[in-house]
Amino acid sequence: MAKALVLKPTTMARCRDYIRNHLVPAFGTIELDQLAHRYIAAFVTGQLACGRGRTILYRCLAILSSALGDAVRQHRLPHNPASPPMLHRPPSPEQRIWTAEEAARCLTHCPQTDPQMADLFEVFIGAGMRKGEALCLHWNDIHLDQGVLYIHCTLSAVDNPRVATALRRRARSRSKSPQRPQRPVRGAGLLPTDGRPLGPRRAPPTTPS
């Protein structure tokens, strides 16, 4: 899939979910050259009637329109039946950060429910770090006597098969020549007791819901 070369792994994963859960059930049995505007309009009407969120529906239509646009450019369709878009882009939700009182309530509540996550949130909130930065923190980057820590890297989930394949190729190539020792990706004592790295999907969100 060409989009896998330009999209972030998390974005690509969401696209696959929209295709599998929404687009394939709706259009999977329709031949490409039979996919007319009326089918897409009926899909939109039915989804809105059953309470589907406009943001999810807009994203599904954007994915569908992009795929059909590729079919037009490849001369497999004379025109894109999903263009112009049937829904306007929903306004982006306003990003809101916690107030000092909300942050204090979180830090008070976490030790009672999950002490390990409490430490993670202490780092998030107290140092103003992104989630991937905190999860990739190393002990030799932390200097408690001086009261400083250094952020040298960030952690990201790689669930894109093409990205994983490319990285494996580079790993095999690097293994053929002497390399400097690589620093292991392990957190600064903020790991589960099973010893596995606390990856982005296992960590909690860092913004209020």
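Quick look at the structure, then.

1. Quick word on the packing of aromatic side chains
- Tallying each qualifying case throughout the model produces 3 aromatic pairs.
- Considering the side-chain rings of F121 and F124, the 5.8 Å spacing of their centres and the 90° angle between planes classify their relative orientation as edge-to-face. You can see F121 and its partner F124 sitting in helix α5 (residues 115-127), 3 residues apart, about one turn around the helix.
- Residue F124 is classed as buried on the basis of its relative accessible area of 6%.
- Grouping aromatic residues by their ring pairs yields a cluster made of W98, F121 and F124.

2. With respect to the state of the cysteines
- Throughout the structure, instances matching the rule amount to 0 disulfides.
- Cysteine C136 remains unbridged, with the sulfur of C153 as its closest cysteine sulfur at 3.1 Å.
- What makes C136 buried here is its relative accessible area of 5%.

3. Comments concerning the side chain of Q47
- By the element assignment, Q47 lies in helix α2 (residues 37-49).
- Relative accessible area serves as the criterion here: at 15%, Q47 is assigned to the buried category.
- Every residue in contact with Q47, bar those within four places of it in the chain, is listed here: R52 and L57.

4. What to know about the nonpolar core
- Residues F27, I40, L64 and L68 are the most contacted members of the largest nonpolar core, which totals 19 residues.
- Contributing elements (two or more residues each) for this core: α1 (9-27), α2 and α3 (54-73).
- Residue contributions to this core peak at 8 residues, all from α3.
- Not counting residues up to four positions away in its chain, the partners in contact with I40 are F27, L35, L61, L64, L68, P81, A82 and M86.
- A118, F121, F124 and L135 belong to the second-largest nonpolar core, a separate cluster that totals 14 residues.

Criteria and thresholds
- Residues numbered from 1 in each chain as written.
- Predicted model: local features only at pLDDT ≥ 70, side-chain atom pairs only at ≥ 80, totals over all residues.
- Heavy atoms only, no water.
- Phe/Tyr/Trp six-rings, centres within 6.5 Å; stacked < 30°, edge-to-face > 60°.
- Helix = DSSP H or I, 4+ residues; strand = E, 2+ residues; numbered from the N terminus.
- Buried < 20%, exposed > 50% of the residue type's maximum accessible area, 1.4 Å probe, protein only.
- Disulfide = S-S within 2.5 Å.
- Contact = heavy atoms within 4.5 Å.
- Core = buried A, V, L, I, M, F, W, Y, C linked by side-chain atoms within 4.5 Å.

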